[in-house]
Amino acid sequence: MNVALKTVWDSFLGPLFRRPKKLQVAALCHRGEGDKREYLLITSRDTGRWIIPKGWPIRGLKSNETALREAWEEAGVKNSNASKYPVGTYSYEKRQPSGWALPVETLVFSVAVEDLSEKFPEAHERTRKWVTAEAAAEMVNEPELKEIFRNQ
């Protein structure tokens, strides 16, 4: 009987109760070429874990333009270019103040960093760090984001 109930839950009832994923866009900021390529990680404001700049879509901006805006606001990236198309996606659960987790699908755009400012909107709330792709894969929590770094 338990197998039958699990089958019904997994294939029919469970999907009815799951929230659809929300969409965010992120910036995979990098500098240098080949063996010298580094990636920019920042700390999250709430837990201080290592992440890449990301945020909700902005009306009137293309997804890659929003990724650039987030890179500026959260990491001080300026005068840089983002890829036209995502280089990957990852999912995560965004904790809400209520305690609920919101499922999020994140489109990741490559950003070639040309300039980095010391003064940016969230400078006092975040720490930045340049690391190798291998180190970044070890530092972030999301398994699919780890794979994006490992495939660079």
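Our subject is the structure that appears above.
An account of the accompanying structure is given in this report. (Residues numbered from 1 in each chain as written. Predicted model: local features only at pLDDT ≥ 70, side-chain atom pairs only at ≥ 80, totals over all residues. Heavy atoms only, no water.)

### Examining the side chain of E122
- Position of E122 among the secondary structure elements: in the loop between β9 (115-116) and β10 (128-131).
- Leaving out residues up to four positions away in the same chain, E122 has contacts with R45, E73 and E74. (Helix = DSSP H or I, 4+ residues; strand = E, 2+ residues; numbered from the N terminus. Contact = heavy atoms within 4.5 Å.)

### Section: the nonpolar core
- Judged by nonpolar contacts, the single largest core of 18 residues is most densely connected at L28, L41, I52, Y90, V108, L145 and F149.
- Of all the secondary-structure elements, those providing two or more residues to this core are β1 (22-31), β2 (38-43), β7 (88-95), β8 (101-112), α3 (133-139) and α4 (143-150).
- In this structure, F149 is in contact with L28, Y39, L41, I52, A133, A136, A137 and V140, ignoring residues within four places of it in sequence. (Core = buried A, V, L, I, M, F, W, Y, C linked by side-chain atoms within 4.5 Å. Buried < 20%, exposed > 50% of the residue type's maximum accessible area, 1.4 Å probe, protein only.)

### Let's talk about the pairing of β7
- Where β7 and β8 come together, 8 bridges link them in antiparallel fashion. Bridged to T89 within β8 is L107.
- In sequence, β7 turns back onto β8 through a hairpin of 5 residues, with G99 there showing a positive phi of about 100°. (Pairing = 2+ DSSP bridges.)

### Re the pattern of salt bridges
- This model, assessed by the stated rule, comprises 11 salt bridges.
- A salt bridge links E33 to R37; the nearest nitrogen and oxygen atoms lie 3.7 Å apart.
- Across the salt bridge formed by R45 and E125, the nearest N and O atoms sit 3.4 Å from each other. One end of the pair, R45, is in the loop between β2 and β3 (50-51); the other, E125, is in the loop between β9 and β10, with 80 residues separating them in the sequence.
- Assessed through its relative accessible area of 33%, E125 is described here as partly exposed.
- Because the salt bridges share partners, they merge into one network encompassing R45, E74, E122, E125 and R126. (Salt bridge = Lys/Arg side-chain N within 4 Å of Asp/Glu carboxyl O.)

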